[in-house]
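Chains, contacts and geometry: an overview
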Amino acid sequence: MVVPLIILGTLSLIGGWIGVPKALGGADHFEHFLAPVFQAYAPAEAATHAATETAPTEDEDRGLELALMGTSVGVAVIGFGAAWYLYYKRKDLPAKMAASAGSVYRLVLDKYRIDELYGAVIIQPLIWISTNVFWRGIDVGLIDRGVDEAAAGALDVSDGVRQMQSGNIRSYAGWVTAGAAVVIAFMVWRGLR
Amino acid sequence: MNFINENIVTIVTFLPLAGALLLLVFPRRARDLRYFALGISLVTLLASLHLPWHFQRGADGFQYEQNVSWITHPNIHYHVGVDGISLWLVVLTTFLMPLCVLVSWKSVNERVKEFFILMLVLETAMIGVFVALDLFLFYFFWEATLIPMALIIGMFGHGRRIYAAVKFFLYTMIASVFMLAAVLWLYAHVGSFDFLEIQRAIQQGAVPGFAGAAKWLFLGFFVAFAVKVPMFPLHTWLPDAHVEAPTAGSVLLAGVLLKMGTYGLLRFNVGLFPEQARANAGWIVALAIIGIIYGALVAMIQPNIKRLIAYTSVSHLGFVVLGIFSFTQIGMDGAVYQMLNHGVSTGALFMLLGMIYDRRHTYDIHEYGGLATPMPIYATFFTFIMLSSVGLPLLNGFVGEFMILSGAFLAKQIWGILAATGVIWSACYLLWMYQRVFQGPVTNPANASLRDLDAREQISLWPLAVAALVMGVAPMLWLHSISPSVTVALKQFEAATQASAPAMTHLSNAFMTVFGR
Amino acid sequence: MIPTVDYIRILPELVLSVFGILIMLLDPTLPRATGKKTLGLIALVATLAGLAATCIQAQNYGDAFFGMVRVDAFSVFFHFVILLIALVVILTSFDYLEVQQIHSGEYYGLVLFGTVGMLLMTSAIELVLIFIALEISSISTYILAGFRRRTAESSESSLKYFLLGSFATAFFLYGVALVFGATGTTNVYGIAKALQTQPSLLVYLAVALMFVGLGFKVASAPFHVWTPDVYEGSPAPVVALMSTGPKAAAFAVLLRVLFATGAPGWFWMVWVSAALSMTIGNIGALVQNNIKRLLAYSSIAHAGYLLVAFAAAKQTGISAAIFYAASYAAMNVGAFAIVSHISSRGERYVSLDDYAGLGRRSPVLAGILTIFLLSLIGIPITGGFFAKFYVFSAALQANLVGLTIIGVINSAIAAYYYLRVIVYMYMRDERVEAAVPRIPAGLGIGLAISLIATIYLGVLPGRVLEYALRGAQDLLK
């Protein structure tokens, strides 16, 4: 675990060194690295800029930058300091703080129980709908059953057709006669037209 | 050289068939058969690499064309050729084939000869579908893929293989006969089966009776392709076919056969009937988006891993259909690219599943758990391929999905928004599945002593993993040839429908600047 | 005085008749148990001679015997098809008769005489001669159907076929009589001339009656009811002959009667018959477990597809019908040849269960049967695909969209029952321990002929289609 951290730390140092902002007197080499990508938008952007606002001055810019830098570094320092104090200097303090906070502590420990809420409101219903409505309901119950029923239906009709073959020769002759009658009647009708 | 240039498409298409015929007379010693099949598929791959190597990027129309009169009455020609869209689909097919042979090395032990004959015949048919420029020839190869695939599923598959094979065959065949009727109608009224001739005739309005029949022709082609893609609600044959098919069968089914459907939609539905395509785009995209979301949600809760991945195909190819029917350059580019991506990543996923099936003979998620411990190499490959399927940037899936979503967004914002949720769902189902199968402690003692991947299995996975990475960081290698052909298709589409595509030059320029070097 | 060339124009029929008589004369002289092989070989030589005679006949187009017989591309095409069918049937019968222990030499004689009848049916242009030829072919087939004397079902099918066949042929004859009454001639082309004036009611009636008679012969709905029973009971090689030869000949006659005469009003008759045949044939086959009945229903369906080509009419439709007859003959005769081999003594093994695991027991036979089944479905690379393709193409060129849609949907549904046989062969394990006997030489040659024909028609159909087209043109002249 330590080795990757060392590598990352070194790279951060190098990256920070290269990109020391102009506000602190360095020549920022990173700033315009991705600019070519947005060149297509640049004319449009420049137009909107000129139309809507005046470009901020260098000094105002600098002040804002320094303030932001100071804030982010400050927060990191406070966190570092608090951690050093609670977990290094006074190791007993965290447990006492937890005991006195009680249920609030447990709420925060449970991450405000958002995971459980999320699970109950979104995940469980989603899984239930997907399993029962989508999969079993529509896919298997509706579509697949439709296909299987159509197939079964075809086989049933086939069974029906099969009944025509009674094996009885007189019924066969009957079918032939019936067919012939229809054909003859039709042709006679055609002929009379 | 000229001879090769003229005949390369025929060579690539029929080389596997020649191999299959040779296999017929081979003696039955299993090892020789496997090496021979591997050899033939590798030679076909090498031959097919000639196609992109000498492809002229940006040239109009089809290349490596070969047009020989086959039958005079009716007027059928053996007309083949590739353009940017079909070129890489052919290479995808020949690329996946040797890997399929490798994957089946140990898992197919009975009737090995029949298996490889069927695979090689299938390869010829699949390549033929992509290169055919004569509608009759296209239908010929389209139908020719049915029997080998059905036999592969039915003879070499698992428990309910007969049901799955018959379902696959009948579902697809019933849908394709409508395409046959449409093809025959076009022939009867144009006098030729040639794709380019028919396209020109339709554009010039020289087809008698077209106005009334166009809607039905469009639907006829559409039904056949929609079942193949597969689009909701005609998709239920796919999970059954995948679950019961042997590994190599699944890889080819997901990797190539499904692309035949999307390729057909692009080439024929949009290419021949642009006005109907635009008119019907609304409900087609609706079905595609339903497919994306529905497919993903149903995939999420599947207890059978193979069925899970099968449903993801429904979801991913919904993206492709969305891209095609967005009628934007970037959307259609992305759709073609995503076809290739899906072939690589889902093909690899099925190979991985096959490897675990070889060991445990089950696809049930509950049987697994904590597999990363006994099989770390396998877990790594799985992670890599899975992330490619999810669409993680740096891997191929991201490029395709991003382009499709851009196109969808440009076409209609709501399409883009709804489809984009699909990205979330795909992460859901894959990551959750991964967690249940690979992470945590080994819950089932049967998994504790599983053997990790051996050399052969790793060799079959490495090309796909490398492809996923390269396709993700250098997509221009492929888009260079795909994009101009899509531009041509889109121009013809716009000319026919006289609608202007939304302005997307900025976005695609930005994209090309970032990715194209 | 009858010119010599007239005799050349019926040379195949003469040759086969002579050989047939020879067989009948030799039969009592040869020993009972073993002599029949010789008769079979004589029959084989007869068919080969017949093929040679057809080649000679083909050099001499023209009418013969006072305009009763016409030799043109149409009749020569059918001559070749029917003779090849007879060849394969005889080759199949060698071994079949041995296994079934049928020692009657007149079998071969009857096959040859039946073939004579069929050949004459295709070249006759005189309705009465057509009737005579029809009867020659039918009576031979009636007897052949009952050749497995020891089983009741064979005799039953023979009797059924005879009774119903005579019934139907009576319709045909009545129709011929009415045509004569209406036009004063029974020559097909003479009738065509006479019908150029407004046809009378009698002609319509005559067409209807002739259609009934011929419709029975080709097993089209609603005259198909005899087919499943008769095919199931008759010996398998005879079914191979029955389902292809007389069918092709009857279709040729139907082509002459409907198109060469310029008969009126046939369209809706044919349309409805086509749609019904396809549907009843395909739907009826779905639940069949007996392979002979299954193929019988399939015959009905294929008659339907052929009638679709009839409905399309004109040269495209007629040539499509002719091509379909040829390719159907190739695949069906091959399929029944295999059925006859596997069925074994007493035709025990005719159920689908008996085909289970055939892919393992006899991969060669299973493979060949698969190709025939794929051709029947209409999968590319086989003749059946092109045949269906041409038929539907012709139908769409004639704007028969509804019928085409019915046709293509039926093709798709039909795939199920053919696929079922393939599933049984390759994907189910055998329950029967019966080993399939080695393929005998005769069957092997016969199967090779059918297989090559099927695949040739599927890959390079151009030549054959041109002949068919020429035949169609000659028919309409």
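Keep in mind the model is a prediction, meaning the values are calculated, not measured.

Residues and elements named next belong to chain B. Along the chain, the position of V321 falls in helix α13 (residues 305–324). Each C-alpha atom of the pair V321 and L266 lies 8.6 Å from the other, and the pair is 55 residues apart in sequence. In this structure, V321 is in contact with V229, M231, T262, L265, I284 and A288, ignoring residues within four places of it in sequence.

Further remarks concern the interface of chain C and chain A. A common way to state how big an interface is: give the accessible area lost once the parts meet. Contacts between chain C and chain A engage 38 residues on the former and 26 residues on the latter. For the pair chain C and chain A, the two sides together bury roughly 2,600 Å², of which 80% comes from carbon and sulfur. Of all residues in chain C, the largest losses of buried area upon contact with chain A belong to Y204(C), V225(C) and V287(C), amounting jointly to 20% of the total for that side. Inspection of the chain C/chain A interface yields zero salt bridges. Joining chain C to chain A, the criterion identifies four residue pairs in polar contact (both at pLDDT 80 or more). Elements with a contribution of two residues or more to the side of chain C that touches chain A: α7 (152–183), α9 (201–217), α10 (226–233), α12 (267–285) and α13 (291–312) of chain C. Among the elements that make up the side of chain C that touches chain A, the one with the highest residue count is α9(C) (nine residues). When the residues that make up the side of chain C that touches chain A are grouped by side-chain class, the tally is 30 nonpolar, four polar and four charged.

This part takes up the packing of aromatic side chains. Tallied over the entire structure, the rule returns 77 aromatic pairs over all chains. Between F130(B) and Y263(B), the ring centres sit 5.3 Å apart and the planes meet at 85°, which makes this aromatic pair edge-to-face. Here F130(B) is found in helix α4 (residues 112–131), whereas its partner Y263(B) is found in helix α11 (residues 247–272), with 133 residues between them in sequence. The burial state of F130(B) is the same as that of Y263(B); both residues are buried. Aromatic pair F136(B) and F389(C): ring centres 4.4 Å apart, planes at 75°, arrangement edge-to-face.

All names here are of chain B. With respect to the element layout, A175 can be found in helix α7 (residues 161–190). Along the primary structure A175 and L234 are separated by 59 residues, whereas in three dimensions their C-alpha atoms are 9.8 Å apart. When sequence neighbours within four positions are dropped, the list of residues in contact with A175 reads V223, A224 and V227.

A few words on the pairing of strand β2 (residues 76–82) of chain B. Note on strand geometry: in a regular strand, side chains alternate between the two faces of the sheet. Residues and elements named next belong to chain B. Where burial is concerned, most of β2 is hidden: six out of the seven residues are buried. Where strand β1 (residues 63–71) meets β2, six bridges bridge the pair, whose relative direction is antiparallel. Within β2, the position partnered with V68 by the bridge is Y78. In this structure, the hairpin formed by β1 and β2 is closed by a connection of four residues.

Here the focus is a nonpolar patch on the surface. All names here are of chain A. On the surface, a cluster of nonpolar side chains totalling about 940 Å² of accessible area is made up of V104, L107, V108, Y112, I114, L117, Y118, V121, I122 and I123. Mapped onto the nonpolar patch, the elements with two or more residues apiece are α5 (103–109) and α6 (114–162). Counting residues per element, the nonpolar patch draws most heavily on α6, at six residues. With respect to the secondary-structure elements, V121 resides in helix α6. For V121, a relative accessible area of 53% translates into the label exposed.

The subject of this paragraph is the pattern of salt bridges. Across all of its chains, the model carries 18 salt bridges over all chains by this definition. Notably, a salt bridge pairs D229(C) with K160(C), separated by 3.0 Å at the nearest N-O pair. In this pair, D229(C) sits in helix α10 while K160(C) sits in helix α7, placing the two residues 69 residues apart along the sequence. One salt-bridge network, held together by shared partners, links D144(A), R160(B), K167(B), D240(B) and R307(B).

At the junction of the two partners, chain B supplies 35 residues and chain C supplies 37 residues. Together chain B and chain C conceal approximately 3,200 Å² of surface at their shared face, both sides included; 80% is due to carbon and sulfur atoms. Three residues stand out in chain B for area buried against chain C, namely H73(B), R111(B) and L184(B), and they jointly supply 15% of the buried area on that side. At the surface where chain B touches chain C, the tally comes to one salt bridge. With its nearest N and O atoms 3.5 Å apart, the salt bridge here joins R360(C) to E110(B). Elements with a minimum of two residues in the side of chain B that touches chain C: β1, α5 (135–144), α6 (146–156) and α7 of chain B. The leading source of residues in the side of chain B that touches chain C is α7(B), at 16 residues. Residues that form the side of chain B that touches chain C fall into these classes: 27 nonpolar, four polar and four charged.

If you look at the biggest cluster of nonpolar residues, it comprises 423 residues, and the most contacted ones within it are F325(B) and F310(C). Looking at this core element by element, the count peaks at 19 residues for α7(B). Discounting chain neighbours no more than four positions away, the residues touching F310(C) are F251(C), L254(C), L255(C), L258(C), F259(C), W266(C), V270(C) and A321(C).

In this structure, S157(C) sits in helix α7. If we ignore the near neighbours within four places in the chain, the residues touching S157(C) are A145(C), D229(C), V230(C), G233(C) and S234(C).

The packing of two helices is summarised by the inter-axis angle and the distance between the axes. Residue and element names in this part refer to chain B. Their axes nearest at 8 Å, the elements α13 and helix α14 (residues 329–360) cross at an angle of 170°. One element, α13, and the other, α14, form an angle in the roughly antiparallel class. In this structure, α13 uses I305, K306, I309, A310, S313, H316, L317, V320, G323 and I324 to contact α14, whose residues at the interface are G331, M332, A335, Q338, M339, H342, T346, L349, F350 and L353. Class assignment of the residues belonging to the contact of α13 with α14 gives a composition of twelve nonpolar, seven polar and one charged.

This part is about the packing of α6(B) against helix α18 (residues 401–427) of chain C. Their axes nearest at 10 Å, the elements α6(B) and α18(C) cross at an angle of 45°. Judged by the angle between their axes, α6(B) and α18(C) are oblique. Once α6(B) is placed against α18(C), the crossing between them reads as right-handed. Residue-level contacts link I147(B), A150(B), L151(B), G154(B) and M155(B) of α6(B) to L419(C), I422(C), Y426(C) and M427(C) of α18(C).

The rules behind the values
Residues numbered from 1 in each chain as written. Chains lettered and ligands numbered in written order. Predicted model: local features only at pLDDT ≥ 70, side-chain atom pairs only at ≥ 80, totals over all residues. Heavy atoms only, no water. Helix = DSSP H or I, 4+ residues; strand = E, 2+ residues; numbered from the N terminus. Contact = heavy atoms within 4.5 Å. Buried area = accessible area lost by both parts, 1.4 Å probe. Salt bridge = Lys/Arg side-chain N within 4 Å of Asp/Glu carboxyl O. Polar contact = N/O pair within 3.5 Å; in protein donor to acceptor, adjacent residues only side chain to side chain. Nonpolar A, V, L, I, M, F, W, Y, C, P; charged D, E, K, R; others polar. Phe/Tyr/Trp six-rings, centres within 6.5 Å; stacked < 30°, edge-to-face > 60°. Buried < 20%, exposed > 50% of the residue type's maximum accessible area, 1.4 Å probe, protein only. Pairing = 2+ DSSP bridges. Patch = residues over 30% accessible without salt bridge, like charges linked within 9 Å, V, L, I, M, F, W, Y side chains within 5 Å. Areas by Shrake-Rupley, 256 points an atom, 1.4 Å probe, with all protein chains shown as cover. Core = buried A, V, L, I, M, F, W, Y, C linked by side-chain atoms within 4.5 Å. Axes fitted to C-alpha atoms, helices over the stretch in contact; angles between N-to-C directions. Parallel < 35°, antiparallel > 145°, perpendicular 65-115°, else oblique. Left-handed = near helix turned anticlockwise from the far one by under 90°.

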